[in-house]
Amino acid sequence: MTVVSQAPTAVAAPSVVLARPVPGRRRRHPLATPGVLASFAVVLVVLGWALVPGLFTAADPLVGVPADKLSAPSAEHWFGTDNLGRDLYARTVHGTSLSLQAALLALGLGLVVGALVGLVAGYLGGAVDAVLMRTTDVLLAIPGLLLSLAVVTALGFGTLKVAIAVGVAEVATFARVMRSEVLRVRTTTYVEAAVLAGARRPAVLARHVLPNAAAPILVLATVQLGVIVLAVSSLSFLGFGAVPPTPEWGSLVAEGRNYLSVAWWFTTLPGLVIAALVLAANRLGRLLEGRAHR
Amino acid sequence: MSAPTTPVLQVRDLVVEYEVHRSSSERVQAVRGVSFDVHAGEAVALVGESGSGKSTTAHAVVGLLPGGGRVVGGSVRLHGGELVGLGAKAWQQVRGARIGLVPQDPGIALNPVTRIGDQVAEVLRIHGRVRRAAAAQQAVEILRSVGLSDPEARARQYPHELSGGMRQRVLIGIALALEPALVIADEPTSALDVTVQRRVLDLLDDLTSRTGSAVLFITHDLAVAADRADRVVVMKDGEIVEQGLTAQVLGAPRHPYTRSLLAAAPQLSVRERVADPAPPVGETPLLDVLSVSKAFRLPGGRTVQAVDDVSVSIPRGGAFGLVGESGSGKSTVARLVLQLTSPDSGTVLLDGAPVSDAAGRAVLRRRSQLVHQNPFASLDPRFTVAKIIDEPLRSHRVGSRSQRRDRVDELLEQVALGAAYATRRPGELSGGQRQRVAIARALALEPDLLVLDEPTSALDVSVQAQILALLDRLRRERDLTYLFISHDLAVVRQVADRVGVLHDGRLVEVGPTADVFDDPHDPYTAELVGAIPGHRADVFTDTLERSTR
Amino acid sequence: MTGYVLRRLGAAVLVLWAAFTVSFAVLYLLPSDPVSIMLDGANPGGTVDPEQVAELSARYGFDRPPLEQYVVLLGRALTGDLGVSVTSGAPVSQLLADAFPQTLALTSFALGIALLLGGAIAAVSSWSRSTRLRGALLALPPLGVSMPTFWIGLLLLQLFSFRLPLFPAVGNQGFGSLVLPAVTLAIPLSAVIAQVLARSMRTAWDAPYVETALAKGASRGRVQWRHVTRNAALPALTLLGIAVGNLLAGAVVVETVFSRAGFGGLVEKAVRAQDIPVVQGVVVVGALVFVVVNLVVDLAYPALDPRIARTPATA
């Protein structure tokens, strides 16, 4: 007999595997860092503002007290007041819903259309892939904001149209990532193993390709949410969003432009809210990214 | 062995810790109290499997522990001078000048955007004394000394224009440029083909004996250690389990771990293998590959003949080993057999019937399976073990759900994992366990033919031995037929009854395993067999056989 | 090599043509009536005169089938004629040419600041062994990408024009007026550059060739400069096209905030007035800038990366 048969018996195999901690692996719970907790808090508060603004402020966002105009932040007016004496905190809180709706609509549009395009291109390949991908190349060649501006020009102004405009500019990004994910998964060894096991194309797509391609797309969605919030508020700042006096984050900042020298809070505090939300979304996106790559 | 007064390298009670995570204070000891010496003119091999701490020890000696690692105890002395705790400036004067490092993977160890000559000259420039032009001149001489043809031209080339063996020669040239007292060779040839490996190791031997440098060899390959080292230090889990003269350690191992490592090393363990009884003459072979050829088009319009008129015939129950170095076309043969790619010419017959048409392919998918090289890639990370093994059953609609569940448990028992593993995911398993899962999946449909594409090359030697033993047992129990593809001749010798040697797409020699290995007719086969490390170990193995009985 | 240049050039022209087509599709074919949009934009709230509609339709060719309109517009665009502004009546190409120098000065200044700032953050954070310094530096880029550009501009205005009157708040007069807008534009871009570069530098530091260099006795500074920077900068270079495109888009916002004349101001007014020819002109120029920058990067790449230069594919 050969020496091979004298090797430790196979049943013992699992126990001889080294089970020591590997350097570099996280031990502390990844959700417990201060940055992550703060990000969760910001997102929760903003969601609360969007869903039940009345719970967070009793002040009227549309009617002000002219006598109180341009008063600095105080216990009564957390964010101060604007040039018409309206409470800026109330306007920010009440503007959340519209701003967030626009961002989520844009995200949904970009995600759904983009993922479908990427899936079809990556899965069918060939001429379909070539045509779809050259089209996304072109969409990527036009700076996002300019493309959105073109769509706004054609569709007209308003929050909904701004959302569509931003969503259109996002399609190409999602399509590219989805396609490369589909291609990556399709060429993995485990998909080849599934084909050899006799799995048919629809089964391979549903059981292997989609689940493995979905995670990176969802990570991208969180990261892009920040980008989208910024784009929507930029268009709103330029005045292509909601019609005054309806509050919206970007237009709130724009309204303060003429009072920069006398009322720092007018532009600073609503803008700070936008920055905080984007920062939080990016932080959570990076968290998901780290977990997806594990 | 004489006992010089001061060793070149003296390591005493070395302890190396790693941070478990950057933000936590938890630390893990990768090396625990390691002591050994390297004397002038001596080659010492540090041997162990992955995770043994051998590489960490070597990096601690040259002061290049990766981020988060640090020496927390013990001492490392070079010619009596302490290295532990040296400042950055002082280290810079040691590295390159007094300690040279030959890195593991020559494919990525040279800067891809810098010319070869400049990279060799850099070590001369750093340690002063020469001007740019003189350094360039000297670099060319170094390239000549490591056996590169036309060194002037090589100096102007970039790393990607050189082969792996040539790159490793360049790296050896860099390591030895300033004739350091100690050269650390960290798995210097594990990324190279066996014939290249031999020439590179010969070069290293030759140069270090010329410069008088002592060598610290890091290797997982006992056969390489047996051939090249004067003394062997065996490590396991961060500790030294045994050290001594090579002949002593390998010939009469005292520690059980060394013995199991020796038993698992295919080159050293099998000297004689009883060939399987010849199959009945006249019976249709299970697999008949009839002069298949396949060419691939390269970017730029050129084509490469990956497989050139290859014929292989395997009787039912046989185990055919297909051997070749990287680029020889052996994996393409596997893909042709399984119809993952179709041949330009020639046919593949399974049980006498062609597999190229739809009906033949359906039979093929049912009766043949592939075990992939890399068990870390061949299992869908989102699936449970049960779902992975169930996939072929489900796809071929075999049995009811509960019958399939029973079958999965049964298969898990057969590959010695047990039904308890059914709910685990690949990420929770070791490499060997994953490969067992892959084998269970391959067996699910009770195939006749298993194509094994380097099934153990991603595994440690002791795990490799277990998987090979499992494959051997399964073949006997279930009357399986194997097409076993490997670059490792020693492994093939252990599992195959017949062997084919593939070189540049052509089958240069076919025959019974013993004949091919003992009396190769083709010059390439002879070179390949001659390059198998571990020849020196022949002397030791007799004693080993006795000691393990 | 010539084949490579020609292929790249051909691809660039193709992208430009496609960008023109896309902007045509968006602006002229979306389910809206361009004539009434333009009339409404030029004269908000005014009554629509059917005669005026017919006249405008005929002038812009909207009464003809879309394909014919497209061919006519494309033909004109090829000769450099991008049409006439609806609001001012001036040729679009003239408007673009007038605005371009201002925006070019702004964006190139901003690009310079962003490259220096982003490169410095990435290089120092990857070179340093102090975890505290590294952590502090790497905390900056996420902040930079999270702030709305217009908000950064307004903050800078408040601090450096009103509190400390160092720079003029508005206008195009002199170098002083360029500083705040350029810094505003540079902050988000430098954050992106720092993130991308820091990541690829970290990857480069982990590469085995760095260990080889350290084993030669090289100092960390030498490794950072001679080995890491070049290897890390190469992949980041391919992002330059997108970065410059985003600068152009960012200029729209920044020029509005600082009331500067330029490309951004032009497009902002054009969108407000729904001046379709001007918007299309700006979109096409945006794509042109992207295409030119990418072309330059593509053509320079083989000179910088020997692995590309000598592959047989380009022979």
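Everything numeric in this text was worked out from a predicted model, so none of it was measured.

K.L.:
Outline the pairing of strand β20 (residues 506-512) of chain B, supporting the account with residue identities and numerical values.
P.N.:
In this structure, strand β19 (residues 498-503) of chain B lies alongside β20(B), joined through six bridges in antiparallel fashion. Bridged to B:G500 within β20(B) is B:V510.

K.L.:
Provide a residue-level description of unusual backbone geometry, including the pertinent values.
P.N.:
For the bond running from A:P244 to A:P245, omega is 10 degrees, close enough to zero to count as cis. Along the polypeptide, A:P245 turns up in the loop between α9 (201-237) and α10 (249-255). Backbone geometry places B:Q339, a non-glycine residue, at a positive phi of 60 degrees. Although it is not a glycine, B:D504 sits at a positive phi angle of roughly 50 degrees. Locating B:D504 in the fold gives a position in the loop between β19 and β20. Take B:D504: its relative accessible area is 54%, and that puts it in the exposed class.

K.L.:
Summarise the interface of chain C and chain A; cite the residues concerned and give the values.
P.N.:
Many authors give the size of an interface as the accessible area that is lost as the parts come together. Across the contact, 44 residues belong to chain C and 42 residues belong to chain A. In this assembly, chain C packs against chain A so that about 3700 Å² is buried in total across both faces, 76% of it on carbon and sulfur atoms. For the pair chain C and chain A, the interface holds zero salt bridges. Taken together, chain C and chain A are joined by 11 residue pairs in polar contact (both at pLDDT 80 or more). For the side of chain C that touches chain A, the leading source of residues is helix α7 (residues 149-163) of chain C, giving eight residues.

K.L.:
Which residues make up the sheet that holds β19(B), and what are the values?
P.N.:
Residue and element names in this part refer to chain B. A sheet is described by the order of its strands in space; here six strands give the open sequence β16-β17-β18-β13-β19-β20, paired in mixed fashion. Of all the strands in the sheet, just β16 (368-371) and β20 have a single pairing partner and so form its edges. Averaged over all pairs of adjacent strands, the angle between their axes in this sheet comes to 15 degrees, without regard to strand direction. Sheet topology places strand β13 (residues 319-323) next to strand β18 (residues 481-486); five bridges connect them, and they run parallel. What sits directly across from F320, in β18, is L483. Against the sheet, helix α13 (residues 358-367) makes contact with β16 and β17 (449-453), and its axis sits at roughly 55 degrees relative to β16, the strand it touches most.

K.L.:
Go over the pattern of salt bridges, please, and point to the residues and values.
P.N.:
In a structure, side chains of opposite charge can pair up when their charged atoms sit close to one another. Considering all chains together, one arrives at 40 salt bridges over all chains under this definition. Ionic pairing is found between B:E82 and B:R77, a salt bridge with its closest N-O pair at 3.8 Å. Ionic pairing is found between C:R222 and B:E122, a salt bridge with its closest N-O pair at 2.8 Å. Here C:R222 is found in helix α10 (residues 220-237), whereas its partner B:E122 is found in helix α3 (residues 116-126) on a different chain. Given a relative accessible area of 24%, C:R222 falls into the partly exposed group. It is possible to trace a salt-bridge network through shared partners that takes in A:D82, A:R86, A:R91 and A:E255.

K.L.:
Now, about the domain arrangement of chain C: what can you tell me, with residues and values included?
P.N.:
Split by domain assignment, chain C resolves into domain 1 (2-78) and domain 2 (101-272). For domain 1 of chain C and domain 2 of chain C, the distance between their C-alpha centres works out to 35 Å.

K.L.:
Give me the domain arrangement of chain B: which residues, what numbers.
P.N.:
Residue and element names in this part refer to chain B. One can read the domain layout of chain B as domain 1 (42-53 + 88-113 + 158-264) and domain 2 (285-518). Tallying the contact residues gives eight residues for domain 1 and eight residues for domain 2. Considering only the side of domain 1, the residues that lose the most area to domain 2 are E49, D193 and A264, jointly responsible for 60% of the buried surface there. Taken together, domain 1 and domain 2 are joined by zero salt bridges.

Parameters at a glance
- Note on numbering: residues in each chain are counted from 1, in written sequence order.
- As a convention, the first chain written is A and the first ligand written is 1, with the rest following in written order.
- Where totals are concerned, whole chains, interfaces and linings use all residues; where local detail is concerned, this predicted model gives features only for residues with pLDDT of at least 70, and gives and counts side-chain atom pairs only at 80 or more.
- Hydrogens and waters are ignored; side-chain quantities use all the structure's heavy atoms.
- By this definition, two strands are paired if DSSP reports at least two bridges between them.
- Counting from the N terminus, the helices are DSSP H or I runs at least four residues long and the strands are E runs at least two residues long.
- A simple rule labels every residue: compare its accessible area, found with a 1.4 Å probe on the protein chains alone, to the largest value its type can have, and call it buried under 20%, exposed over 50%, or partly exposed in between.
- Any two residues having at least one pair of non-hydrogen atoms within 4.5 Å are treated as being in contact.
- What gets called buried area is simply the loss in accessible area from a 1.4 Å probe that two parts show on being joined, summed for both.
- The salt bridge criterion pairs a side-chain nitrogen of Lys or Arg with a carboxyl oxygen of Asp or Glu, the two atoms within 4 Å.
- Side-chain atoms alone can form a polar contact between residues adjacent in sequence; in general such a contact is a pair of N or O atoms within 3.5 Å, and within protein one must be able to donate a hydrogen while the other accepts it.
- Here the axes come from fitting lines to C-alpha atoms, over the contacting stretch only for helices, and the angles between their N-to-C directions go from 0 to 180 degrees.
- Segmentation of the chain into domains, including their bounds, is taken from an automatic or database domain assignment.

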